Number of protein chains: 2
Amino acid sequence: MTTCLIGLDWGSTHLRAYRYDGQGQVLEKRALPYGIRQLPEGGFPAAFEQAVAQWPDVPVLACGMVGSRNGWLEVPYLDTPTSVDRLAGALTTLNAAGRTLHLVPGLRDPSRPDVMRGEETQVVGVLVQSPEIARHGCLLLPGTHSKWVSLRDGEMTGFATVMTGELFALLTQHSILGASLPPAVDDENAFRRGVGTARDSGAAGALSRVFSARTLMLDGSLAATSVADYLSGLLIGDELRIAVAAGWADASSSVQMVGEGALCDRYLKAADIFGLTIRQAPDATTSHGLWRIAAAAGLIPTQATA
Amino acid sequence: MTTCLIGLDWGSTHLRAYRYDGQGQVLEKRALPYGIRQLPEGGFPAAFEQAVAQWPDVPVLACGMVGSRNGWLEVPYLDTPTSVDRLAGALTTLNAAGRTLHLVPGLRDPSRPDVMRGEETQVVGVLVQSPEIARHGCLLLPGTHSKWVSLRDGEMTGFATVMTGELFALLTQHSILGASLPPAVDDENAFRRGVGTARDSGAAGALSRVFSARTLMLDGSLAATSVADYLSGLLIGDELRIAVAAGWADASSSVQMVGEGALCDRYLKAADIFGLTIRQAPDATTSHGLWRIAAAAGLIPTQATA
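Report on the accompanying structure. (Residues numbered from 1 in each chain as written. Chains lettered and ligands numbered in written order. Predicted model: local features only at pLDDT ≥ 70, side-chain atom pairs only at ≥ 80, totals over all residues. Heavy atoms only, no water.)

Time to look at the interface of chain B and chain A. Many analyses report the size of an interface as the accessible area lost when the parts associate. Every contact between the two is made by 39 residues of chain B and, on the other side, 39 residues of chain A. Between chain B and chain A, a total of about 3,400 Å² is buried, with carbon and sulfur atoms accounting for 64% of that surface. Summed over the three residues of chain B that lose the most area to chain A, namely B:Met163, B:Leu207 and B:Phe211, the buried surface amounts to 18% of that side. A salt bridge links B:Asp219 to A:Arg108; the shortest N-O distance between them is 2.6 Å. The interface formed by chain B and chain A contains 14 residue pairs in polar contact (both at pLDDT 80 or more). (Contact = heavy atoms within 4.5 Å. Buried area = accessible area lost by both parts, 1.4 Å probe. Salt bridge = Lys/Arg side-chain N within 4 Å of Asp/Glu carboxyl O. Polar contact = N/O pair within 3.5 Å; in protein donor to acceptor, adjacent residues only side chain to side chain.)

Let us now look at the pairing of strand β11 (residues 146–152) of chain B. Residues and elements named next belong to chain B. Across the 7 residues that make up β11, a large majority, 5, are buried. Pairing geometry for strand β10 (residues 136–141) and β11, over 6 bridges, is antiparallel. In the sheet register, Leu 139 faces β11, and the bridge partner there is Val 149. Hairpin connection from β10 to β11: 4 residues lie between these consecutive antiparallel strands. Bridge count between β11 and strand β12 (residues 155–162): 7 bridges; the pairing is antiparallel. Within the sheet, the bridge partner assigned to Lys 147 lies in β12 and is Thr 161. Adjacent in sequence and paired antiparallel, β11 and β12 are bridged by 2 residues, among which Asp 153 carries a positive phi angle near 50°. (Buried < 20%, exposed > 50% of the residue type's maximum accessible area, 1.4 Å probe, protein only. Helix = DSSP H or I, 4+ residues; strand = E, 2+ residues; numbered from the N terminus. Pairing = 2+ DSSP bridges.)

Attention now moves to the sheet that holds strand β13 (residues 255–257) of chain A. Strands pair in a sheet through their backbones, by hydrogen bonds, and they do so in one of two ways: parallel or antiparallel. Residues and elements named next belong to chain A. With mixed pairing, 5 strands are arranged side by side in an open sheet as β12-β11-β10-β13-β14. Pairing within the sheet leaves two strands with one partner each, and these edge strands are β12 (155–162) and β14 (278–280). Recorded for the sheet is a direction-independent mean angle of 25° between the axes of neighbouring strands. Against the sheet, helix α8 (residues 227–245) contacts β10 (136–141), β11 (146–152), β12 and β14, and its axis sits at roughly 30° relative to β11. The sheet contacts of helix α9 (residues 262–274) involve β10, β11, β13 and β14, and relative to β14 the element is tilted by about 150°. (Axes fitted to C-alpha atoms, helices over the stretch in contact; angles between N-to-C directions.)

Structure (structure tokens):
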């Protein structure tokens, strides 16, 4: 089958390459360890050449931190509210080893301000697969820096970052709460207890309760090996509490979550304790998003997309 | 003048010794670098001997981390609500280099749970100097682990810890927000901007806004050298927001703050932005508190106190 597009998902710690046919089906995938923080000798061009080696000379579209200030070429953020078409109209190009590389801009919510880079393409990937979410929905992308994205009438209207994953790492690795503890052991009850504490903290929020990770342990009612799960529950719970308080989520509508695995399972359990509904969004969102943006930008030959 | 008591303020990083006359006046002070984390050769006994060397053989009363699990002897916490008399009745004694050392218990608020060790003596020191606060007041002890203490009818009714100082250190030293930044430069406007952002975050709280320390810098509207002051304002502001949301403080009554110096100045400025009144409590609270507890415990000869 004819190759019509190459897509690159190029973040801080990963580089994934997709080769598409004319209908947007992924014919071949590659995963390289060359995130922008860990490039091979030869830097960006060398990593790029490996990612696309032997593939036909078709348009290449990349999203993620490759377009950041520390990336290959800084691509200015596009302000929300915005649409897929406006995103596609704001690509920046770069001559890369004889090919033309198109870079997707990140998004900026000027009302906070807040920024994302890479997640905008995941959001587009959900939209193309779930038109009803695009009309009126909320997307959650959990992670080191979780993103909450509001969608209305096909537009990305705004978003916010909560540093839940990074804060968890800081507290468990460097704070009095987590440092010098024995290795963590899975304890779902401790996780649920943390979620419940965050929920019950009300407007004061979980920072008013986070010292309890230590005092419960001193009290003998929380095992030292369970402190990490308790903190995980407290912080993920606080993220949900924030989402409700800020109006990003409410009990009457469902939140769509992008991702899978153990972290997403934690969000599902926490949402249950909050009485919130979180649904898992369609998979393979980045590869779908790259295809959709390329199509909107006119990078795909029209006979292929017809 | 006759020496009637020796008091020790023995924390994680400091050891201060006070020699009192029979009226509770401090005749002599010593400061040693022997906090419980940095003891000299010979450990606790050696540090103790240096602290009281050449002083008369009178009762010795110590407060602080010396009575913690990692201290000289673990003294069980006393639960709130409690009074000075009950605190004085719960001293634990230890034979120390031929002298009797009395240790003040820490306090535990079982409703959260929360704990303090050392601060309870500072609180007593304020009470003895300010009876009106003891009747109905709120005490703030800013620091790595800030404490908010409620007082009613002479009793310490409950308290809570907010890890503002530690969180500030974590975010500025280890997080994406603060790591790899140039050295901080004082910027009061950035501090005030952080406080205002925390105040305006409402029930969602400052964790919903903390990523702005990075995005404002990327935006060019916050200097990289001002990120630390912005984060300081955001976190101290969030502590005040929490205090209001949790009912520890309100606009109609004043909070008494124990301490002085640059950190307390930040709390005064932040309180002003919140429309809260914070007053500085009387100084030398620990030495006053030790004297008051010793008197209530009957450690001072009655002819001296009469």
